[in-house]
Amino acid sequence: MKITKRIVNSAEGDITLYRIENASGASVEVSSLGAGITSVRVPDKFGKIGEVALGYENPSDYMADGPCMGKVPGRFANRICKGHLEVDGKTYQLNINNGPNALHGGPTGFQNRIWNSELIPNGVRFTYVSKDGEENYPGTLTVKAEYTWSEDNVLNLELKATTDAPTVVNLTNHAYFNLEGADSGSVLKHKLQIKSSKYLPTDETQIPTGELAPVEGTPMDFTEPKEIGIDINEDFKPLKIGKGYDHCWAIDNWKKGKLMEGAVVLAAPSSGRMLTISSTQPGVQIYTGNWLAGSPKNKSGASYNDYDGVAIEMQGFPDSPNKPDFPSPKLNPGEEYTQTIKFAFTVE
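Residues numbered from 1 in each chain as written. Predicted model: local features only at pLDDT ≥ 70, side-chain atom pairs only at ≥ 80, totals over all residues. Heavy atoms only, no water.

A word on the sheet that holds strand β19 (residues 226–227). Pairing within the open sheet is antiparallel, and its 9 strands lie in the order β10-β11-β12-β13-β26-β22-β21-β16-β19. Two strands in the sheet have a free side with no partner beyond their single neighbour: β10 (116–120) and β19. (Pairing = 2+ DSSP bridges. Helix = DSSP H or I, 4+ residues; strand = E, 2+ residues; numbered from the N terminus.)

Quick look at the structure:
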C-alpha cells in the first residue's frame, strides 16, 4: 500500500491530507480537517478509475461548510431536540444551530476541528480530544477515527471514544457518493437498498417522534433495490419536510456490537459501480443532498446542485438522549465507544 502525505495551510492551521493507494491504482484520500474523506477513486465496469466521493477543490473549504462534506461530525451526529441534554439527572443546554435544534455537535463540532494524525498499517488514525464543556457537552472525550484501505477496495472506518465523565456520543461519517462520478450530476437514478422495515418519523423540525413506522406501502420502502428519485416527489409529508430524503432507518435485526453485513447497497446504472456498506450502528440516515446548491467549488470548478450526491450515515438514532426507548448513546468512564463502518466498492 502506498501512502503519500501533503500539507495545506489554512486560516485555522495546517491541514494534513493522506492519499492511500492500492496496487490496482484505486485510492482514497483522508484529511485531518474533520477526519474527513476527501476522495475515493475506484474503477467502473470498464476498469476506468474515477472519483466517486463528492469533494471541494480547496481543502480549507471543508471548514464550517453547510453540507459537512465527508467529515466525522460530533460529539453527537444528527439532531438533538432544542439542544436539550440530560445526563445522570443534570441538564445541559447545547448550542442551537439547526432551526430550534442542535445538529452535529454544534457550530464547532468535531467536523470543524483539525485532528491529530498518524500512520497505521494500510491507513491513518486521527485523534481529537474534546474538552469538558466544549459545545456544553459534559466530560472530556478522546475520539479516534481509523481509516484503512484494502487491495480489494474496501474502506474500513473504526470510530472509538473514551470519556472521563458520563456523556453521550454518536459518531458517523458524512461522505456523499455519486457512483457515476462525483461531478456527474444527479444521483437520483442510483438504486438504493436498505435492510430496514422501519423508519423514524419526525416532526416538522426533523426530530424523531419516538415511534418506528413500517416502510411498507410508503416512499420510505427500500427493502428491495429502488431508484432513489422514483418516489422523492410523492405527496408524502416526511418528504415535504426534508425536501427529499433526510431520515433515519432502523437496521433490521441489529444487535449491539454485531457487524450488520450489507446494511445498505447503492448501485449506479451506467458505471456499474456498487457500494455495499456494513456497520455495527443501529441506524442509517439517508440524506439525498437536498441543500447542496451553493456549496464551495468542487474539483470541476463549479458548485454542486441539490441531489448531486447521497450521504449514507451509519449512526445511532437522532435525539436518542431524549428518547429512552432508542438505543442509548450514553458513554461512561471505563467504557469504550466503538463502531465500525465498511465501505466496499465493487462493480456489477
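What follows picks up the thread again.
Turning next to unusual backbone geometry. Look at the link from G74 to R75: it is a cis peptide, with omega at 10°. A positive phi angle, close to 55°, is found at K82, a residue other than glycine. Within the secondary structure layout, K82 lies in the loop between β6 (79–80) and β7 (84–87).

When you line up the elements, T280 lands in the loop between β22 (273–279) and β23 (283–287). The exposure class of T280 is buried, given its relative accessible area of 7%. A distance of 2.6 Å separates the side chain of T280 from the side chain of Q339, its partner in a polar contact. When near neighbours in sequence (up to four residues on either side) are disregarded, T280 contacts W254, G257, K258, L259, T338, Q339 and T340. (Buried < 20%, exposed > 50% of the residue type's maximum accessible area, 1.4 Å probe, protein only. Polar contact = N/O pair within 3.5 Å; in protein donor to acceptor, adjacent residues only side chain to side chain. Contact = heavy atoms within 4.5 Å.)

The subject of this paragraph is the side chain of D246. Topologically, D246 is positioned in strand β20 (residues 246–250). Leave out the neighbours within four places in its chain, and D246 touches R79, Q206, Q285, I286, Y287 and N290.

Turning our attention to the packing of aromatic side chains. Going through the model one piece at a time under the given rule, you end up with 14 aromatic pairs. Ring centres 5.9 Å apart and planes at 35° place the aromatic pair W115 and Y128 in the tilted group. Of this pair, W115 sits in the loop between β9 (102–103) and β10 while Y128 sits in strand β11 (residues 123–130), placing them 13 residues apart in sequence. There is no split in this pair, since W115 and Y128 are both buried. Seen in terms of ring centroids, F317 and F326 are 5.0 Å apart; in terms of plane orientation they differ by 90°. Their pairing is edge-to-face. Using a relative accessible area of 4% as the deciding quantity, one classes F317 as buried. One Lys or Arg, K226, reaches over the ring of F222 and ends 4.2 Å from the middle of that ring. A cation sits over an aromatic face here: K243 above W291, 3.9 Å from the ring centre. (Phe/Tyr/Trp six-rings, centres within 6.5 Å; stacked < 30°, edge-to-face > 60°. Lys NZ or Arg CZ within 6 Å of the ring centre and 35° of its normal.)

Considering the arrangement of structural elements, one finds W291 in the loop between β23 and β24 (310–315). The spacing of W291 and Y304 is 13 residues in sequence and 9.4 Å in space, taken between C-alpha atoms.

Okay, the pairing of strand β4 (residues 36–43) next. With 6 of 8 residues buried, β4 is to be regarded as a mostly interior element. Here strand β3 (residues 27–31) pairs with β4 via 5 bridges, running antiparallel. Counted as the bridge partner of S31 is G36 from β4. The hairpin turn running from β3 into β4, its antiparallel successor, is 4 residues long, and G34 in that turn takes a positive phi close to 70°. Pairing analysis gives 3 bridges linking β4 to strand β5 (residues 49–51), with the strands arranged antiparallel. Residue P43 lies in a different strand from β5, and its bridge partner there is I49. Here β4 hands over to β5 after 5 residues, with G47 in that stretch at a positive phi of 90°.

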